[in-house]
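# Report on the structure
Next come the chains, spelled out residue by residue.
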Amino acid sequence: MIRNLISIAVLGALVAGCSSTKQADAPPPATDAPVATQPSSSAPGLGTKQEKEHFAVTLETEPAEPKMGKVNFVAEVWHHGEPAPGQTVRVETSMPSMNMDGPSVDLKPTTGNVYEGTADLPMGGEYEAKVSVGGAEGHANEFTYRFNVSQ
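Rules of the game
Residues numbered from 1 in each chain as written. Predicted model: local features only at pLDDT ≥ 70, side-chain atom pairs only at ≥ 80, totals over all residues. Heavy atoms only, no water. Buried < 20%, exposed > 50% of the residue type's maximum accessible area, 1.4 Å probe, protein only. Helix = DSSP H or I, 4+ residues; strand = E, 2+ residues; numbered from the N terminus. Pairing = 2+ DSSP bridges.

### Points about the pairing of strand 3 (residues 69–79)
With respect to burial, strand 3 is a largely interior element, 9 of its 11 residues being buried. Here strand 2 (residues 55–62) pairs with strand 3 via 8 bridges, running antiparallel. Residue pairing across strands places valine 57 opposite valine 77, the latter belonging to strand 3. Once strand 2 ends, the chain turns through 6 residues before running back antiparallel as strand 3. When strand 3 meets strand 7 (residues 114–121), the two strands line up antiparallel, connected through 8 bridges. Opposite lysine 70, over in strand 7, you have aspartate 120 as the bridge partner. Pairing analysis gives 2 bridges linking strand 3 to strand 4 (residues 82–83), with the strands arranged antiparallel. Across the sheet, the residue bridging to tryptophan 78 is proline 83, located in strand 4.

Here it is, written out as structure tokens:
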């Protein structure tokens, strides 16, 4: 009797295994539901001059190919085509593919229209930097850059 029960259990397992293999080979049923995809960013890379309304910005890093750890951000800022000292410049980093915010840094004026600040980037990977620029006259804009950080 026990042998019959074991034989039936083994046979049942074999049949279940065969039917699940056939199901795996079958194409998925068609649906009208939209397929979720990752948005692709059209944000430019570091060193690209971007212009919006009253401002233009170029963001770079030192070193030029940033590595995990301390990275110096350097932004050149223009207002109405002229060098723009006296602006408020902030860089906020994130890792969109990991849905993680990174460090933010307020850039300080150095010479003319150049602003600098250092952030500690905790890991390697693809980053996004949002540079916000504004001044006393109330104009403000945001510029987005994509860059990679190596380990």
